[in-house]
Every structure is written in structure tokens, then in C-alpha cells.
Amino acid sequence: MNKFQYHRRLINLFSSYKKKKKQLSYLPVRLWIEPTNHCNLQCVMCPNKQLKKEEKGYMDFKLFKKIIDEASTYVIEANLLHRGESLLHPDIIQMAKYAREKDLKTKLHTNGTLLSNEISYKLIESGIDYLTFSFDGYDKDTYESIRVKGNFEETISNIVGFLKIKEELNSKKPFTTLELINLPNSNKKNDLFKRKDFLNRFKGLPLDKVKIKEMHNWAGIMSKNQSFKTFSHCTFLWYALAIFWDGSVLPCPQDFFGSYIVGNVRDSSLAEIWNNEKMKALRNKMGRREISDLKTCGDCDRLWRKRFLGVPKEYLWKFLLKKMT
């Protein structure tokens, strides 16, 4: 897709979002595809540990191919991640390769604890576009109190090892980000001494970005919404879909426990689901701001953000600059 085609789709998306259209003339531009919802950590800010054993699983590769084969005709970016640690999936490298072969931009989040030299080489050679390491705390005590079951030194060693291999291969891909959540008493931007010492560990290595991210409340699961900003009707309903490991499709990746499933890709196409009656009803309710009875929307803090031209600023610039990092 060239720049002209991209921005023409963007204008159509922007217009539909502003007009709060229920029926959309275009198909989603972004997907969250969940290889697995299993995770090897029990992070304090993540609801994953509340999932029951019978609710966990791994996406079948045939199902993944079905999704990618359809999505490749209209989706711009596929996030190969959602509620779990994607590197736990035995086919994750094959998944990343397949999506790139279909010319989709691909993105992966990982906690970095499972990296080895072999996996690092394979990840880079898969052609994945963006890789984000989720990491919290500038020191051992803070990290291990947040990333429960993680080992501070081992994880840093894994990330450094990955970056050295990226350097050895002289590869610009993946664009690599180290992301920390701004939790209370950790990762504070003014904690200059700990921050400097921590970042020195990656000095001279091809780490492209360090990002301190504000925590969200997983649609009210972790805390109730505090409405300090301007209301913005949800962007996800007009540009994206999330797919659980079992094929269940949701309109929003914030719906951690799948309380509003709009279809399943095992028996429907994404195109059919995108404009089905459930999706249109949800867009209608969101556009009218009739969300108090919606479990995943009523307390979601993602609806209260700073805006520009009626669009949440963080998404506007990412779309305009075509930088989905």
C-alpha cells in the first residue's frame, strides 16, 4: 500500500469516526491476534492471573493462516500478541514469518524472559517489524516485585543478548522498544540516577526507543474510571478487531475476559463480523454515549483522553506518521 492509498483510507476512517457511522465502507486496518493467553509471569498490573485454566490455550496454526490470508487483503498491521506471552507458542516464529510473507506489518510484545540466542536470531530473521520488551523497574527489587516470577539480571541479559545479535546481523528490523509502565513508586521520570544507571546497560546497542507508558485500567478490571479528561468515543470500533486464541472476535483489546464477543473466525470471515449487527449496535451505543450498561466500556479509562480535532492525540499522530509503534 503506497502513501496515497494509506492516507485515502485514513481520511475515510477519520470521516466515519467523526460522523459515528454504524455501517462502515472499509474493513479494519489493525488486528490484535492472540497466539496464546498463557503467561510465565504474574505481573501485579495484569489480569492474566485471573484467567481460569480451562480458558487458556494456543491458537492453531491453520486458524492463524486463515486469519492472515483474509487480513492481508486490507489490514495494515497485525499485532501478534494480546493477553499472554507470545514466545510461549511453539509456532510463533512461523506465525511471524507467514504474516510478513503476506506483506503485513507485524508487531510483538514480549517480557523477554524466554529469549535465547537461537530465538533471538530467528525473531530477527523472521522480518518482524516492531518488537517491544515489556519491563518495569530500574532495579532488581522493583522489577521483581512487579514482574512476579521474573529475574531482573537474567531478563536484562536476554535483552542485551538480543540487541547484540541485531547489531551483529546489521539489521534495522525489528524497531526495538523498551517499554516501562509508570506505576506508583517505579519508573518515575525524575528518578534520574537509577534511570541513568539502568539505561547505561544498553548503551551503544541498537535499542531504538525507551518509552514510559501510563497504565490503563483494562476497561475497569483493575480500577474504576476517573474522568479527568475529555470524553472520546472509542477509536477501536472504527479501525480494529481483537482475536482470541480460540477464534473469538472482540471489538476491543481492552475486553480482557471476552464479555462482548461479536463473532468467531472459525465460522465467519472478519469482513462479515466487522459490519454485523453486534458491531453496528455497539458503534451506535458508543456514538450516542449510551455505555453505562456496557461492562467493558462504562469504566474504561481509554475513553477519557486528550483530543485533537476530536481524535485521541496518541492515535492521531501514529496514524498520520504511519508509525504504529
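All of these numbers come straight from a predicted model, not from anything done at the bench.

## Topic: the sheet that holds strand β1 (residues 30-33)
A sheet is described by the order of its strands in space; here nine strands give the open sequence β6-β5-β4-β3-β2-β1-β7-β8-β9, paired in mixed fashion. Two strands in the sheet have a free side with no partner beyond their single neighbour: β6 (209-213) and β9 (263-264). The pairing of strand β8 (residues 248-250) with β9 spans two bridges and is classified as antiparallel. Within β9, the residue paired with S248 across the bridge is N264. Each of β1 and β7 (240-243) touches helix α2 (residues 61-71); the most contacted strand, β1, lies at about 175° to it. Along the sheet face, helix α6 (residues 152-168) touches β4 (130-134) and β5 (175-181) and points at about 160° away from the line of β5.

## Description of empty space enclosed by the protein
Overall, the coordinates contain three cavities of 30 Å³ or more when judged by the stated rule. Every residue lining the largest cavity is counted, 15 residues in all, and those nearest its centre are C234, L237, C252, T296 and C297. In terms of residue class, the lining of the largest cavity is made up of 10 nonpolar, two polar and three charged.

## Points about the pairing of strand β3 (residues 105-110)
Side-chain positions along a regular strand alternate between the two faces of the sheet. A large share of β3 lies buried, amounting to five of its six residues. The pairing of strand β2 (residues 77-79) with β3 spans three bridges and is classified as parallel. Residue pairing across strands places E77 opposite K105, the latter belonging to β3. Handedness of the β-α-β unit built from β2, helix α3 (residues 92-101) and β3 comes out right-handed. Of the pairings in the sheet, the one linking β3 to β4 comprises four bridges and is parallel in character. Along β4, the bridge assignment pairs L108 with L131.

Scoring rules and cut-offs
- Residues numbered from 1 in each chain as written.
- Predicted model: local features only at pLDDT ≥ 70, side-chain atom pairs only at ≥ 80, totals over all residues.
- Heavy atoms only, no water.
- Pairing = 2+ DSSP bridges.
- Helix = DSSP H or I, 4+ residues; strand = E, 2+ residues; numbered from the N terminus.
- Contact = heavy atoms within 4.5 Å.
- Axes fitted to C-alpha atoms, helices over the stretch in contact; angles between N-to-C directions.
- 1 Å grid on protein atoms, 1.4 Å probe; cavity = no way out; pocket = protein on both sides within 12 Å on 5 of 7 lines; lining within 4 Å.
- Points joined across faces, edges and corners; volume = space filled by probe spheres on them.
- Nonpolar A, V, L, I, M, F, W, Y, C, P; charged D, E, K, R; others polar.
- Buried < 20%, exposed > 50% of the residue type's maximum accessible area, 1.4 Å probe, protein only.
- Right-handed = clockwise from strand over helix to strand, strands pointing away.

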